Structures are given as C-alpha cells and as structure tokens.
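Below, each chain spelled out in residue letters.
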Amino acid sequence: MVQADTLWKVMAEQAMIINYSRGDNALSLLKKAIAWGTRKSPWIIHFNAGSCNGCDIEIVDALTPRFDLERLGILQRGTPRHADVLVCTGAVTLQTKDRLKQIYDQMPEPKFVIATGTCACSGGVFNGCYCVMGGIDSVIPVDVYIPGCAVRPEAIISAVAKLLGALEAQQKGGGKDADRRSDHSQVSREIQYFKG
Amino acid sequence: MSEYNRVVIPIGPQHPSLKEPGCFTVTLDGEKIVDVVVGIGYNHRGLEKACESRNYIQIIYLLERICGICSHTHTTAFCQGVEELAGISIPRRAAYIRVIVAEIERLHSHLLWLGVAAHEIGFDTMFMYAWRDREAVLDILAAVGGNRVNYGINTIGGVRRDIDDSLRQDILKMTDALQEQVKYYQELALTETTLAARLAGIGKLSGEDALKYGAVGPVIRASGIDFDIRAVDPYAVYAEIPFKVITDTHADVFGRTVVRILELLESIEIIRFCIKNMPDGDIVTKAPRRIPAGEVISRTEAPRGEDIHYIRSNGTERPDRVRVRAPSEANWHAMRHMLLGQYLADAPITIAAIDPCFSCTDRAIVINSGRETELMDWPRLRQYSIDWYKKRGIDVASIKIPERRMYF
Ligand code: SF4
C-alpha cells in the first residue's frame, strides 16, 4: 500500500486538485487522479456501427494535420481497454449491436460516448431500414451528440472540447454529477487489487 | 505440416487496422496464411429494400449514403439509369459537371487510400502528407456541393449546382498545387527503396486470376488488364475526353500503388480538360416524377472500380427493385486469393490494397445452390406467395400492414 500511496500522492499533487493531507481516502484519490488524466488527455476509440463511412473519414480527418485533435491531448487507441471516449458513428445495424455493447463494456470507467453524425444520433436516412436499430443511444448511453451528415471535423473538435469542459466543471463542482455513472465497480475492483 | 500446427486468428470486427467493421478469420500455418474466411455484413443496413419504399428523388440521397467516399459515383449510376428509363438526356453542361465532380472525388479517394496504405506499412509521415493534401480537394468539393462528404450534386435530369467562373479558377489552382505533390509521391513511390521493398511481391494477382475472380478497378488494372468503364462503356462525356487508361504489370501491391498515383495525375488532366471545354447552358432538364416501366443496368467507374446499378421501374413514383453491385464487392474473391500463402504481417496492406469499402460491400444476396432454378415473373411470384400463405391458412388480403414511419 505504501507504493500505491506514494503514487497517488504524486499524481494528486500534480493535479493540484486535492490536498492529500486533508485526509482523502484512497478511493476518492484514485477517482480524482483518473478524472484528471481523462480531462487532460482523453484517449478515444473509434467504432463504426454501420455508417456510410462519411463520418468515419471525417473523424480520421480530425486527427490529421489540418485539424489535429492531438494538440488537445487526444490520442486514438486501437483497443477499447485503453480508451476513455468511444467515438461512434452510424445507425447501429443488427450485426454490430452486440459488438458495440461488448466494446462499451470493455472500456474502463469513467467512460464517455460521442455519437458522431446524424445517423448515429437518430438513425438519419437509414431510419426504418430493416437491419437498423436506430441511433447509438438505442444500444448504449450517449453523452454527446454531433449532428451533421457528414459531420465536419470542426464539429467533432468542438464536441470534444465541450466534453472536456463539462468534465472540468464536474470535477470542480464535485458532488453528484461527478458520480453520474453510478457503476464504479471497476474502480473499486482496482482498489481491492492494490490493497491485496 | 499437420492440422495441429494451425492457428486461427480472428481479425475484426473492431481492429486497429480496420476502420470499418469486417471480420477476417485467418488460419495460419506458422506465419503463412493457409485459409481466409471473409465475414462481412456488419454494415448491412438494407438500403436496397429501403429504396422500394422511397421515391426516386429520395433514393438519390439514400444511395449517396451507401458510401461516403464514393457517394457521387453511386448517385451518378442511379441517375443515369433512371434517365435512361425516362428517356431524357441531360444537358451537356450537366454531364461535364458530373465528370468534374467524379474526378475530384477520385482525387480525394485515391489520396485517402494513399494515406491509409502508408499507415498500414507504418509510413505515417506519408499518411499525414496525403491527408493534408486531401484537405485542399475537400475544400473544392465543399465549394462545389456545399458539403465535404455527401455533396448532393446529382439529380434526375442533371445536376443541382453549377460551377461558376471563380470556382473554376479555384479548381484549376487546386489541381496545379496538387499536381506538384502527386509528382512528388510518384517519385517517392518509384525511387524510395524501402517503400518498394515493402510493397513489391506482396498480394500477387496475375491477370488471368484477376479475370477469373472478377476483380475490378485499380486491382485489375495493376494486373495489366486495361478495364475501365470510362473507356470501355463511356458514360456522361467521357467519350469526348482524351485520357489514358493506366495499367501496370507488377500485379502486386506496388503495382496498385503506382496505378493509383498515376490515375491521380490522369484525373487532374481530365478535370483541366473539362474545365476548359465546359459548354454554357442549362444544368438540368425536367424529369417526370413517374418513371415508365422498364429495367436498366447502369455502370460507372468508381474510384475503386466498376459500379453497377440495376433498376426496375413499374410506372409509379417508386422503383420495383434497385440492386447495387459496388466495386469492393467484386474484389473480395481476388483478395482472398491474394492472401493465401502470404505472411500474416502482409495481410493488412494486402487487404488495404484493394481499398475495401465495407459500406459498399454489405449488400444481401441470397444464393440457393444445388436447386433447380426457374424464372418467375412478377405476377406469378405474387400469385405463388398468395397461394403459399393460403395453403397455411393465412389470408394475406386481410392482413393490415402498419404505415411505415416516415421521417421526411
Ligand atoms: S451521418 Fe451521414 S455521413 Fe455520417 S455516417 Fe451517417 S449517413 Fe454517413
């Protein structure tokens, strides 16, 4: 526990959001440290749940030189286990439905979902097709909706910036909003691991 | 090698090297690929069926969203088909605008491919370069159509937006700048030894096999066969435009890269020619809402190859059937053949080299093998289905189908 304690202390000092000596317990420290990390450098994963590709290329576009999301600290990862934010496109098809759930479940808490494009928000033109579920929110909870067919990279950047802003406000405000997702079981499991 | 040495690796549907959901089940013997099962259909949304309940104008916007990368190609194929059914011919200026937009789209698609392919082989600098240059192309597309991806240029009977003089100057400026860059890529691809060493000899596909497996687009052209719908079955105004069909004899990923880079240069020439020779006049002719009964096959050359649309109309505002055979759909068989006997490490670039588009591919086909086939015409099929249900005690006529939810 000593090692873990020192680690959190260092992280917490860096974050300048808590005073360790005030007697925060390890759980809230860990939460705050994770929240700080998420806010400073959210890692995203991109999943295409049955889109037309249009929004997907715009997402990749947002990561390339002209728009360059990386300057906001945003990195694209290959696996959901590394990611904080799921950037999702497309009206969910019956085939991808279970995959989408799986990917969402694999992401560690706290996690956020951005529905990118009109068809991810509501089903868009594909609404009513026999193989389409509707928007992303018909399968998993969504935090940010970006409409547009296709969305422009500027819109994606603005959405991500808004998400970061909201995170920051939550942290400063603390309180119940910070615990909006009640299921922090994953976090407590990690705590147990450290204790053990 | 015995069966026991084989390892089965599933790649996808969510995988870092795939931007779209597809699933490849690769069987390995050591490092060599001995079998590949391509699992697609993750992106199947049921567009062809949806077409049957929309009118012709709505379908244009729906088909545009088959694929965001070659959206213009799909609508061109569809509009051409419907125009033929309706017996109208579009103004020449409209045909020129269609060609210009199609070629600008080819520029953006090939640059996108160049970036993705470079990314697959770990050459991220080129990825960023290619995508940076692609931005200029997208700016032009946004200026022409008002949107960066689905530009909605086509309509039945012509095009919706004109290209005016100042825009033409902008396009010319863009092509000049881009030509410089593409020449640089060409030099890079041909002289950079690491690039050539990484790409040469990978994903071999002989011309014979390419024909056998029905490959299309740059894949078949890189195997030395000059098959390009723009040349063999010219549509719009391609018959009047002097252009070369680019082929290459390397028959591997390197060849496909060269073909695409040279096609970029060729597209730039086509755009310049069209801008110079664009006639004045209308951009759209009036088209009827109801399209006379008939059936038609319409083909265009998408950036990825031959795109086929089959349309059957029945005299009403809605078609009976729309079938789309997108180019990526044709390339899968060839791709499986290319992957066999390769090293696993070469799989991503081999897959990327056909420039697969899963949204285009995921169409539904029902194949009944081993049964006798017969052709049924529409009334007989209808009668057959009514009888089929009657036999089971269901009276079709009494079933009320709830109104489809409409969102437009
Ligand atoms: S919102 Fe439009 S452009 Fe984006 S994926 Fe959906 S259909 Fe394609």
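Throughout what follows, the structure given in this document is the object of discussion.

Each value, and the rule that gives it
Residues numbered from 1 in each chain as written. Chains lettered and ligands numbered in written order. Predicted model: local features only at pLDDT ≥ 70, side-chain atom pairs only at ≥ 80, totals over all residues. Heavy atoms only, no water. Near = heavy atom within 4 Å. Nonpolar A, V, L, I, M, F, W, Y, C, P; charged D, E, K, R; others polar. Helix = DSSP H or I, 4+ residues; strand = E, 2+ residues; numbered from the N terminus. Contact = heavy atoms within 4.5 Å. Buried < 20%, exposed > 50% of the residue type's maximum accessible area, 1.4 Å probe, protein only. Salt bridge = Lys/Arg side-chain N within 4 Å of Asp/Glu carboxyl O.

Our focus in this paragraph is the site of the ligand. The environment of the ligand is made up of A:Ser51, A:Cys52, A:Cys55, A:Gly117, A:Thr118, A:Cys119, A:Phe126, A:Gly148, A:Cys149, A:Ala150, B:Arg65 and B:Asn150. Residues within reach of the ligand are spread across chains A and B. Of the residues contributing to the shell around the ligand, the split by class is six nonpolar, five polar and one charged.

The topology assignment puts A:Ile74 in the loop between α3 (54–63) and β2 (75–76). Setting aside anything within four residues of it in sequence, one finds A:Ile74 in contact with A:Pro42, A:Ile44, A:Leu69 and A:Val160.

So, about unusual backbone geometry. Following A:Cys149, the chain continues to A:Ala150 via a peptide bond in cis, the omega torsion being 0°. Tracing the chain through its elements places A:Ala150 in the loop between β7 (144–146) and α6 (153–173). With a phi angle near 45°, B:Ala236 is a residue other than glycine that sits in the positive phi range. Following the sequence through the fold, B:Ala236 ends up in the loop between α10 (229–232) and α11 (253–277). Residue class for B:Ala236 comes out partly exposed when judged on its relative accessible area of 39%. Although it is not a glycine, B:Asp355 sits at a positive phi angle of roughly 55°. Relative to the assigned elements, B:Asp355 resides in the loop between α13 (347–353) and α14 (358–361). With relative accessibility at 5%, the residue B:Asp355 sits in the buried group.

Going through the model one piece at a time under the given rule, you end up with 35 salt bridges over all chains. Note that B:Arg98 is salt-bridged to B:Glu83, the shortest N-O span being 2.8 Å. Taken together, the residues span a long stretch of sequence, with B:Arg98 in helix α4 (residues 92–120) and B:Glu83 in helix α3 (residues 71–86) at a distance of 15 residues. For the pair B:Arg98 and B:Glu83, one class covers both residues: buried. Put simply, A:Glu58, A:Asp61, A:Arg66, B:Arg134, B:Glu135, B:Asp139 and B:Arg148 are held in one network by salt bridges that share partners.

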